[in-house]
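Residue-level listing of the chains:
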There are 2 protein chains.
Amino acid sequence: MKKHNFSAGPSILPQEVLDKAAQAVLNYNNSGLSILEISHRSKDFVAIMEEARTLALELLGLEGKGYQALFLSGGASMEFVRVPYSLLKQNGKAAYLDTGTWAAGAIKQAEKFGETIVVASSKSDNYSYIPKEYSIPTDASYFHCTSNNTIFGTQMQDFPETDVPIVCDMSSDIFSREIDFSKFGIIYAGAQKNMGPAGTTLVVVKEELLGKTDRVTPDILDYSAHIAKDSMYNTPPVFAVYASMLTLQWVKANGGVAAMEKKNNEKAALLYNEIERNLLFKGVAKLEDRSKMNVTFILVNEAHKEQFDKMWKAANISGLNGHRSVGGYRASIYNAMSIESVQVLVDVMQEFEKTIQ
Amino acid sequence: MKKHNFSAGPSILPQEVLDKAAQAVLNYNNSGLSILEISHRSKDFVAIMEEARTLALELLGLEGKGYQALFLSGGASMEFVRVPYSLLKQNGKAAYLDTGTWAAGAIKQAEKFGETIVVASSKSDNYSYIPKEYSIPTDASYFHCTSNNTIFGTQMQDFPETDVPIVCDMSSDIFSREIDFSKFGIIYAGAQKNMGPAGTTLVVVKEELLGKTDRVTPDILDYSAHIAKDSMYNTPPVFAVYASMLTLQWVKANGGVAAMEKKNNEKAALLYNEIERNLLFKGVAKLEDRSKMNVTFILVNEAHKEQFDKMWKAANISGLNGHRSVGGYRASIYNAMSIESVQVLVDVMQEFEKTIQ
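Residues numbered from 1 in each chain as written. Chains lettered and ligands numbered in written order. Predicted model: local features only at pLDDT ≥ 70, side-chain atom pairs only at ≥ 80, totals over all residues. Heavy atoms only, no water.

Side note on the pattern of salt bridges
Residue and element names in this part refer to chain A.
Alright, step 1. What the rule picks out here adds up to 38 salt bridges over all chains.
Alright, step 2. Residue Arg53 is joined to Asp230 by a salt bridge in which the shortest nitrogen-to-oxygen separation is 3.8 Å. Here Arg53 is found in helix α2 (residues 43-59), whereas its partner Asp230 is found in the loop between α5 (223-228) and α6 (238-253), with 177 residues between them in sequence.
Alright, step 3. The partner of Lys252 in a salt bridge is Glu58, and the shortest N-O contact between them spans 3.0 Å. Taken together, the residues Lys252 in helix α6 and Glu58 in helix α2 connect sequence positions 194 residues apart.
Alright, step 4. On the accessibility criterion, Glu58 (31% relative accessible area) is partly exposed.
Alright, step 5. By sharing partners, the salt bridges in this structure join Glu50, Arg53 and Asp230 into a single network. (Salt bridge = Lys/Arg side-chain N within 4 Å of Asp/Glu carboxyl O. Helix = DSSP H or I, 4+ residues; strand = E, 2+ residues; numbered from the N terminus. Buried < 20%, exposed > 50% of the residue type's maximum accessible area, 1.4 Å probe, protein only.)

This is how it looks when you write it as structure tokens:
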């Protein structure tokens, strides 16, 4: 029986994506070949890559605006390195907003390249909120932020107005809500939350920003080299790109990002309302910064843990444990999660309330 | 109907690997979850990663000899960068053997890090042979070579005796033949030939060689960082690692590397004998350097091309076209290729001979 999968990532994907991907592993498009054993230079795969790139720009409203979409390998952690290689000028400085574990990880790597200014941090409050009062040095090569903090359950609701190019790690909320994406210079997102399986990273780059650092950059770490080869500088992660394309097709067929946002708002409201109503639970993140992707909450009384855990597991729910640095619970309710599955969790919380009283 | 897949890569995988991988995409191990949507920190995936790493060392005969096996992202091209970051001392020099397109690619990246000496090259003969007379500077940080040249169909039959650590790109012949693998300091191999789908790279590192360059190295480009986290420094390409593990299980269950080599020798002999016997064809690579993985050959008379192409396509063969830099044909006969499929190709070549005469 299919689980209600609240895992933070790799995470739930639409069932029709799983069905099509499994079929392609056996026989892609009736070709007599598996998707795992076709050349990346084959007509079939070139078409997949092109459709994935086009869909990504289309869904973000960035077609014809000077952006390129790339599907690369290595995960967001690789972009922590490609970003300074591509944008941080020799003897220049980079500005970072520290909103969580992954933001801090990006900062640590940037520091290996040059002066890295942390404009604000919520670390001392265990990243329970998004800092809002900060200024970005006008001479920074770029400003880097993380739109959604998977571990802590916070999400940026606004982005700063600045002339400095904004680089944003959107790994855990890409395609989940409407934003004016043309505000960003570079957007990157590991696939394994809202887009596909682990193994590829979407990078959306405003082309005019590149080629200005005077750094000696290895080709594979240089966005320009990937753009020049239509995201085929080397053998791409074929299957992960294919599954991501299927998910992007699914997003489009289901109304695009606007429709995803509407559904995500409903799911988040359902769950946050229960957390507020139910006296046995407490939210972790500051109200105004709460994430609509990762809902973090704790038991008011830890003594009830065994009972609650038993109940949600019995309801066929998986992946609900919080990250060790926060504790408690984390319900990740990405695009592919149905409101029915969220309702199952809410029902368990209410059932649990009855057994305790 | 299943094709006879002679593609150079991504390439043929054992049918049972495809069957198990497709099943796992629907429901992994009866967990009610797809392999694409389970956490990389789950017990299930940690066990997969550990089995893949252990099997790799076991099949290479490197268990307990100071080596670590890693499954990373990015393809061999990423290792072109990780290798100098990890081994090339500041102000040191690296030695490279230039035997083909990929060897040349590795050299181009190393040059961005420091002095790079090309000890020998067969470029002027379109890489049709492996240079043998060369000396490796004793003060080089490492010596890099490519064991099998997929495009040109050549393969190193011997490796130099030297005190300099040997780094070898074995992307297209790993697990295909017995070698004393303990001669190497680092072995790396993109999965998409003999090991799995595109999307992961096996790296086998002799641990004592690391940490000696005095370079400021981004963590994700530093083998030590990956070793410290048991190949989970960041989210690994879960599905590609799983499919690679399945293939390694298949290699072991079918007699290990020794049995693969025996079968590969038979397949290569069958095909090369036909190329030599059949006056309509000619081999491309120098006899003594011929690859047992990628068999390159041309038509003596190009005018017959249309006829021959028609015949092999009718026989349900795919992926036989040579690389554009060599032309003609290339039959890639990796571990998963059966001798029956090679026989189908040989039959077509003999049938073709009859239609021409």
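So, next bit.
Details of the sheet that holds strand β11 (residues 281-283) of chain A
All names here are of chain A.
Alright, step 1. Pairing is antiparallel across the open sheet formed by three strands, whose spatial order is β11-β12-β14. Unpaired on one side and paired on the other, β11 and β14 (329-332) mark the two borders of the sheet. Pairs of neighbouring strands in the sheet enclose a mean axial angle of 35°, with direction left out of account.
Alright, step 2. Sheet topology note: the β11/strand β12 (residues 294-299) ladder contains three bridges and is antiparallel. From the neighbouring strand, Lys282 faces β12, where its bridge partner is Ile298.
Alright, step 3. Its contacts with the sheet place helix α7 (residues 256-277) against β11, β12 and β14, and it is angled at close to 15° to β12. (Pairing = 2+ DSSP bridges. Axes fitted to C-alpha atoms, helices over the stretch in contact; angles between N-to-C directions. Contact = heavy atoms within 4.5 Å.)

Topic: the relation of the copies chain B and chain A
Each of the two chain copies goes to the other by way of a rotation about an axis and a shift along it.
Alright, step 1. For the pair chain B and chain A, the best superposition has an RMSD of 0.0 Å and corresponds to a rotation of 180° with a translation of 0.0 Å parallel to the axis. One copy is carried onto the other by what is essentially a two-fold rotation axis. Relative to the rotation axis, the C-alpha of B:Ala22 is the closest in chain B, positioned 2.3 Å from it. (Least-squares fit on C-alpha atoms with pLDDT ≥ 70 in both.)

As for unusual backbone geometry
Alright, step 1. With an omega of -10°, the peptide bond between A:Gly9 and A:Pro10 qualifies as cis.
Alright, step 2. Considering the arrangement of structural elements, one finds A:Pro10 in the loop between β1 (4-5) and α1 (15-26).
Alright, step 3. The phi torsion at A:Asn316 lies on the positive side, around 70°, for a residue other than glycine.
Alright, step 4. A relative accessible area of 15% means that A:Asn316 is categorised as buried.
Alright, step 5. The phi torsion at B:Asn30 lies on the positive side, around 60°, for a residue other than glycine.
Alright, step 6. By the secondary structure assignment, B:Asn30 is in the loop between α1 (15-26) and α2 (43-59).

A few points about the domain arrangement of chain A
Residues and elements named next belong to chain A.
Alright, step 1. The domain architecture assigned to chain A consists of domain 1 (15-253) and domain 2 (256-356).
Alright, step 2. On a C-alpha basis, the centres of domain 1 and domain 2 stand 27 Å from each other.
Alright, step 3. Of the residues lining the interface, 26 residues belong to domain 1; the matching set on domain 2 comes to 26 residues.
Alright, step 4. Summing the contributions of domain 1 and of domain 2, the shared interface buries around 2,100 Å²; its carbon and sulfur component is 52%.
Alright, step 5. Taken together, domain 1 and domain 2 are joined by two salt bridges.
Alright, step 6. Its salt-bridge partner being Glu288, residue Lys132 comes within 3.4 Å of it at the nearest N-O pair.
Alright, step 7. Contributing elements (two or more residues each) for the side of domain 1 that touches domain 2: β7 (154-155) and α6.
Alright, step 8. Considering each element in turn, the side of domain 1 that touches domain 2 owes the most residues, three residues, to α6. (Domains from an automatic or database assignment. Buried area = accessible area lost by both parts, 1.4 Å probe.)

Topic: the side chain of A:Thr99
Residue and element names in this part refer to chain A.
Alright, step 1. Looking at where Thr99 falls in the secondary structure, it is placed in the loop between β3 (93-98) and α4 (101-110).
Alright, step 2. Separated by 2.9 Å, the side chains of Thr99 and Asn149 make a polar contact.
Alright, step 3. Beyond its immediate sequence surroundings of up to four residues, Thr99 is in contact with Ser122, Tyr127, Ile130, Pro131, Thr146, Asn149 and Thr154. (Polar contact = N/O pair within 3.5 Å; in protein donor to acceptor, adjacent residues only side chain to side chain.)

A word on the sheet that holds strand β4 (residues 115-121) of chain B
Residues and elements named next belong to chain B.
Alright, step 1. Pairing is mixed across the open sheet formed by seven strands, whose spatial order is β2-β10-β9-β8-β5-β3-β4. Pairing within the sheet leaves two strands with one partner each, and these edge strands are β2 (67-72) and β4. Taken pair by pair, the neighbouring strands of this sheet meet at an average axis angle of 15°, ignoring direction.
Alright, step 2. Where strand β5 (residues 142-146) meets strand β8 (residues 166-169), four bridges bridge the pair, whose relative direction is parallel. The residue of β8 that forms the bridge with Thr146 is Asp169.
Alright, step 3. Helix-sheet contacts for α2 involve β2 and β10 (201-206), and the interaxial angle to β2 is about 130°.
Alright, step 4. Most of the contacts of helix α4 (residues 101-110) go to strand β3 (residues 93-98), to which it runs at about 160°, and overall it touches β3, β4 and β5.

Quick word on the pairing of strand β12 (residues 294-299) of chain B
Regular strands place side chains that alternate from one sheet face to the opposite one.
All names here are of chain B.
Alright, step 1. Judged by how many residues are buried, β12 sits mostly within the fold: five of six residues are covered.
Alright, step 2. Bridging between β12 and strand β14 (residues 329-332) involves four bridges; their strand directions are antiparallel. Across the sheet, residue Thr296 finds its bridge partner in β14, namely Arg330.

Some thoughts on the interface of chain B and chain A
Alright, step 1. Listed by partner, the interface residues are 55 residues for chain B and 55 residues for chain A.
Alright, step 2. Overall, the association of chain B and chain A removes approximately 4,300 Å² of surface from exposure, summing both partners, and the carbon and sulfur fraction of that is 59%.
Alright, step 3. Considering only the side of chain B, the residues that lose the most area to chain A are B:Pro10, B:Leu36 and B:Glu37, jointly responsible for 15% of the buried surface there.
Alright, step 4. Our enumeration of links across chain B and chain A arrives at six salt bridges.
Alright, step 5. At the boundary of chain B and chain A, one finds 23 residue pairs in polar contact (both at pLDDT 80 or more).
Alright, step 6. Residue assignment for the side of chain B that touches chain A shows that the elements contributing at least two residues are α1, α3 (76-87), α4 and α6 (238-253) of chain B.
Alright, step 7. At six residues, α1(B) tops the list of elements feeding residues into the side of chain B that touches chain A.

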